[in-house]
Structure formats: C-alpha cells, structure tokens
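Structural overview for review
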Amino acid sequence: MANEGGWTRRQWLRHSAAAGLASWWAMSDHASATRAAEKQNDSDSTYRVYFGDLHNHNAVGYAKGSLQRTFEIARNHLDFFAFTPHGWWPDIGHYEKGIEKKWLDGFEVTRQHWPEVLEMVRRFDKPGTFVAIPGFEWHSTFLGDYHILFPSVEVAEYVRINDLRHFQAFAKERGAIMIPHHPANRAGHRGANLKWRDPEVSPVLEIFSEWGCAEHDRAPSPYIRHTEAGRWTRNTLQYYLAQGHRIGVIASTDDHLGYPGAYRQGLAAVWAKKLTREAIFDALRNRRTYAVSGDRIELDFRLNGRVMGQELPYVRERRLSVAVEGWDQVDRVEVLKNNRVIHRDFPMDRIPSSASWKEPVAVRFEWGWGPWPALDMTRTCDWEIHICLEGGKLVDFQPCFVTGPLDEKRRDRIVAHSDRHLRIQSFTALRQQFEDYSQKGVVLKVLGGPDTRITVQLTSPTRVSLTRTFRQLTESNEMLFTGEFPKESAMLHRLVFADNYRTSFELADIDDGEADNWYYVRVVQANEQFAWSSPIWVEARA
C-alpha cells in the first residue's frame, strides 16, 4: 500500500515514528520491559511482528480467482504470503457422483501451472517490503492435510509423493516446512494424525482458518464449513499439548476465492528480526509465532525472559510477562498453564481518564451493509472513501478486507495516506461471503483529543459525508447512509482508548516440577477477534 510519496505502509510508519509521531509502541508502558528482555536474550537484534497468510488457494488447483490477482491482493495488505495450490491426494477415494474428479483435475492444473507459480513468487518477492513463499498442499484422508513451504524458489519442486515419511524426507532435503492444517477433523476423515508428525519439519500447527478454531472442542468458531463433521477432541491443540507434543501455533485463511489475508479467516504472526524469507523460516522453526483470527493483535509473551515457543530447563520460580496491543476493546487476556487458566486480565473494564487522551485512540470505520440477499439485489457496490482528521495525527492503521465477492478487476486498497488522511478504494456485495459477513473496514489509531474532528467523505456510491468529534464518538457511534432503504450503509464506531485496547502485566508461578509444564496466552477482543500464542515449556525437575 503506497502513500502519496510512494512508500509502503510499514516504511511510512517507521518514518512517522522517527519524525516524532507518537506511535503506540514507543508510548506503551510495556515497551521498556520488552526491549530489556530483548537485550537480555537477543543482544544482536530485536524482533518485530510481521503478519501474513501461509495457506491460500485460487484457480491454480480447484479453487477460484486468478494467480495475478491473488499476489496483488497479498502485496496490498500483508507482510508475507505463501500461495499453496492443491497438489496431491494419494489416498483419495471414489465418492458419490464422482466428485473426486474435481480434486484430480485440480492437481493436474497445479502441475501444468507450477512454473507460473514460481515465476509469480520471483516477481513479487521484495525482501524488506513483501515476502513471497512458494509451496503447495498435500491431502490425506487418514493422515491429515499439510501444506509445504519452501525456503527458496530454487528448491521448490512440485511432486506427487504417496507416502508421508517420504514426503517428510523430501522436505528435509530442501529445508522446507510442512504445516498440518484443519487438524480437528476426526482421524480418518482428513483430521491430523500427529503420531506421524516429524517435529523437525512440522514445528507449528495451523489452529485457525476458515474451517474454524482447533484450540479445543468447545472453543469459539466451531467447524461448520466443508463436508466433514465438527471438531474431534483428540485432534485439538489442547489435547496434543497434554499428550506431550511441543508444537507452535499459527493461523492462515485456507481461503478458496484467492483472497489472501481475508479478515476473520486467520493470519499468521511471526516474531522475526527482519522481513525476509530466511527470517520468517527461522521464526517458524523456533516457534516464535502466534495465531490471530482477524485483527492484527500484537502479542508478546515471555517466561523468565524467554520468548514464546521456547523450552526451558526446570526452574521453580517462573516470571511470566504479557504485553498486548489490540484493535478493539480487549475483553480479556488469559494465561493458561497445562490448558487451565491461571490468570485473567480485563482491560475492557478500565475507566479512561483525561490523561487517556495522551495515548492514540482507535477508531473503526466499517462499510458494506446493503440489500438482504433474499431481495434478489446482490449487486456490487463500489466505494471511494476519504477519511480526514482535523486536530489529530494518524499513527497507525489496519485494513479489514473480507474475501468476497470474487472480482478480477476490482481491488480493496489503501490508495493514499498521510498523518492526516486515508483514501480507500473498495467494493462490497452480499454474496460469496464468509459467514455472511459482507462488511469491510479500516481501523485508525489517532493521537488527538476530545475536539479532534474526523470526517468520512464518500464520492462513490454517492456523495455524502459524516463528521464527528472524538468527544461525540466517546458517547455513541454513528451511521452513514448512501440513500433511502435498501441502499448501502456504513458505520463509524465508538472510539476505543488505549486503556481498553492495550495491556501489559507480569505474574509469578511456582511449581515443584513433578511434571513438564506448558504455558500459553489467549486474547479475546470485544468484537470476537482472537489471538493465541505459541506455548512455552518448562521441563520437569530432573
């Protein structure tokens, strides 16, 4: 996403911080503690959080959407991306109405277009700005599905290997990573079988995607899509951890409309030293990873100064530190030990004061409500949106673009931005939606005060505008209508203070070490967006 000066969003944010804009990280209470921990454990370089999608599909395979469109969308709003076309299914059966032909034909499409996939990766990979990763997907009815990610185009080979052990050996030879996904299906029905997992090539597990959440069998976002039944207890993250598996977590979309990073369908977060393929692979191998469902929640979790994903020898006294930066009110942050909550923090309950204006506030603008599909008016609405600030400075923003509708020509884009404004190009329709959620959005973090004015001006689908002061937005949200019913509409949400979207805390735990322990963090926002850290393990006493 380039601004008027031609920078990426990330470059612009770095420049803004250097120029003196009060970015959230520089101002946060937990920044100094985090930097101290980084200095203690990583003296050469600090880690940064990057967000991407490592599992996505389009018409190369048996999904929809062009290859070019997919990579353009990914580059527009993600830090890294792996396109994973459907590759092979060695134990595919013969099914009702011969539907297996859909998969078999798709595998042939992948084989034919594999050189084009690699060329697209070469074209779009720009270390430091956007990282493209080659890969493909391997299915198995009895062993579960994996997608393989290659560390370079030179070793990225499309193969049809029937045996999982041979596939794992192939991955090792090439320095590749294999990620099990939608694990919570029942074993024998494309659910994961981690008895066959090789930790060297499969250090992380995809616990959230458009399939749902695999943290445990009663977690939010149950498995409701695709053909197989719901979540099987024995194939959930908590069960695996209890069985002794030491595995990190990520999320990715598994979207089938060629829309990487689709909001609400899952993103992978990595703590890496820089934005390169090598650094991302290092984060994955060392489980410096976490999963988010939609909002790009910043999550830092450490135990005795060691980052998420690490293993520690036995120590009786454990100091756990957690820092969270959300994009909506954070309902709660939970620390779990051996799958049980041992601490809860409730940022949503804090009461802001006049001093709260010294921190950036979060303001969400959402658009896309429109004619109910039953009215047979599933048109596509084009949006041209200009958001302006008076008396405030934009210090960060997050796009929230959903997957549908499929359109080869239209794009959701931040077309220009500065510290005073955003220009957005978008389109919406109530069709081809994930969970019937058609609204798209953007969240701004703004350093301002009660008299700061925000104006949302539309030039499409019609000329209309809405202006509110931040004082007004502390009391109520407001709608923007593009015409009489049933025309499309939008909403400017109530603002959220940093008191409620950010938190940091420490707690102590003492354990006599009779067994191995594991700890992880779960973040729940008020808008039902989540984050889950990779665990940290502490060995039993020798």
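The sections below set out a description of the structure shown in this document. (Residues numbered from 1 in each chain as written. Predicted model: local features only at pLDDT ≥ 70, side-chain atom pairs only at ≥ 80, totals over all residues. Heavy atoms only, no water.)

Our next topic: the packing of aromatic side chains. Summed over the entire model, instances satisfying the criterion amount to 24 aromatic pairs. Their ring planes at 85° and their centres at 5.8 Å tell us that Trp 114 and Phe 136 sit as a pair that is edge-to-face. Of this pair, Trp 114 sits in helix α5 (residues 100–124) while Phe 136 sits in strand β4 (residues 131–138), and the two are 22 residues apart along the sequence. Pair check on accessibility: Trp 114 and Phe 136 agree, each one buried. Following the ring pairs from residue to residue traces out a cluster consisting of Trp 114, Phe 136, Trp 138, Tyr 146, Phe 150, Tyr 158, Phe 167 and Phe 170. (Phe/Tyr/Trp six-rings, centres within 6.5 Å; stacked < 30°, edge-to-face > 60°. Helix = DSSP H or I, 4+ residues; strand = E, 2+ residues; numbered from the N terminus. Buried < 20%, exposed > 50% of the residue type's maximum accessible area, 1.4 Å probe, protein only.)

Moving on: the sheet that holds strand β9 (residues 248–251). Pairing within the open sheet is mixed, and its 3 strands lie in the order β8-β7-β9. Single-partner strands in this sheet number two, and they are β8 (212–213) and β9. Examined bridge by bridge, strand β7 (residues 204–209) and β8 share 2 bridges and lie antiparallel to one another. Within β8, the residue paired with Phe 208 across the bridge is Cys 213. (Pairing = 2+ DSSP bridges.)

Of the residues making up helix α8 (residues 277–285), those classed as buried are Arg 277, Ala 279, Ile 280, Phe 281, Ala 283 and Leu 284. Once α8 finishes, Arg 287 follows within two positions and takes phi at roughly 60°, a positive value.

What follows concerns the environment of Arg 277. Inspection of the secondary structure assignment puts Arg 277 in helix α8. For Arg 277, a relative accessible area of 11% gives the class buried. For the pair Arg 277 and Lys 126, spaced 151 residues apart in sequence, the C-alpha separation works out to 9.7 Å. Those residues in contact with Arg 277, other than ones at most four positions away along the chain, are Val 121, Asp 125, Val 131, Ala 132, Ile 133, Pro 134, Phe 150, Pro 151, Ser 152 and Val 153. (Contact = heavy atoms within 4.5 Å.)

A cluster of nonpolar residues, Trp 372, Leu 375, Met 377 and Phe 485, forms a patch on the protein surface that exposes about 490 Å² of accessible area. Locating Phe 485 in the fold gives a position in the loop between β26 (478–481) and β27 (489–492). On the basis of relative accessibility, which here comes to 76%, the residue Phe 485 falls in the exposed class. (Patch = residues over 30% accessible without salt bridge, like charges linked within 9 Å, V, L, I, M, F, W, Y side chains within 5 Å. Areas by Shrake-Rupley, 256 points an atom, 1.4 Å probe, with all protein chains shown as cover. Salt bridge = Lys/Arg side-chain N within 4 Å of Asp/Glu carboxyl O.)

Below, the discussion takes up the pattern of salt bridges. Summed over all chains, the structure comprises 38 salt bridges. With a shortest N-O distance of 2.9 Å, Arg 174 and Glu 157 are connected by a salt bridge. With Arg 174 in the loop between α6 (164–173) and β6 (177–181) and Glu 157 in the loop between β5 (145–149) and α6, this pair connects stretches of sequence that are 17 residues apart. Its salt-bridge partner being Arg 288, residue Asp 282 comes within 2.7 Å of it at the nearest N-O pair. With a relative accessible area of 34%, Asp 282 lands in the partly exposed category. One salt-bridge network, in which partners are shared between bridges, spans Glu 215, Asp 331, Arg 332, Glu 334, Arg 344 and Arg 522.

Moving on: the pairing of strand β23 (residues 440–447). Taking burial as the measure, the 8 residues of β23 include 7 buried ones, the bulk of the element. With 7 bridges connecting them, strand β18 (residues 361–369) and β23 associate as antiparallel partners. When the bridges of β23 are listed, Arg 364 appears paired with Val 443. Here strand β20 (residues 393–400) pairs with β23 via 7 bridges, running antiparallel.

It is worth spelling out the layout of surface pockets at this point. What the second largest pocket holds in volume is close to 720 Å³. Lining the second largest pocket are 34 residues, and of these Trp 103, Arg 190, Trp 211, His 226 and Thr 227 lie nearest its centre. Along the lines of polarity and charge, the residues of the lining of the second largest pocket split into 9 nonpolar, 15 polar and 10 charged. (1 Å grid on protein atoms, 1.4 Å probe; cavity = no way out; pocket = protein on both sides within 12 Å on 5 of 7 lines; lining within 4 Å. Points joined across faces, edges and corners; volume = space filled by probe spheres on them. Nonpolar A, V, L, I, M, F, W, Y, C, P; charged D, E, K, R; others polar.)

The sheet built from 4 strands is open, its strands ordered β13-β12-β15-β28 with antiparallel pairing. Of all the strands in the sheet, the pair left with one neighbour each is β13 (306–307) and β28 (502–510).

Before going further, it helps to examine the nonpolar core. In this structure, Phe 71, Ile 148, Phe 167, Tyr 290, Leu 299, Val 322 and Val 523 are the most contacted members of the largest nonpolar core, which totals 66 residues. Ranked by the residues each element gives to this core, the list is headed by α5, at 8 residues. Other than its neighbours up to four places away in sequence, Leu 299 contacts Trp 271, Tyr 290, Met 308, Val 322, Ala 323, Val 324, Val 521, Val 523, Ala 531, Trp 532 and Ser 533. Counting 33 residues, the second-largest nonpolar core is a separate cluster that includes Val 361, Leu 422, Leu 444 and Ala 490. (Core = buried A, V, L, I, M, F, W, Y, C linked by side-chain atoms within 4.5 Å.)

A few words now on the pairing of strand β16 (residues 330–337). Taken across its 8 residues, β16 has 6 buried, putting it largely inside the fold. Summarising the sheet, β16 and strand β29 (residues 517–525) pair through 7 bridges and their orientation is antiparallel. Paired with Glu 334 across the strands is Arg 522, a residue of β29. In this sheet, strand β17 (residues 340–345) lies alongside β16 in antiparallel orientation, the contact comprising 5 bridges. By the bridge assignment for β17, Val 333 is matched with Asp 345. Counted along the chain from β16 to the antiparallel partner β17, the turn is 2 residues long, and its residue Asn 338 has a positive phi close to 50°.

Turning our eyes to something else, we now look at unusual backbone geometry. Looking along the chain, the bond that leaves Gly 404 and enters Pro 405 is cis, with omega of -5°. That bond from Phe 485 to Pro 486 is cis: its omega, 5°, falls within 30 degrees of zero. Within the secondary structure, Pro 486 sits in the loop between β26 and β27. Its identity is not glycine, yet Asp 254 carries a phi of approximately 55°, on the positive side. Looking at the element boundaries, Asp 254 is found in the loop between β9 and β10 (267–272). At Glu 528, a residue that is not glycine, the phi angle is positive and equals roughly 65°.

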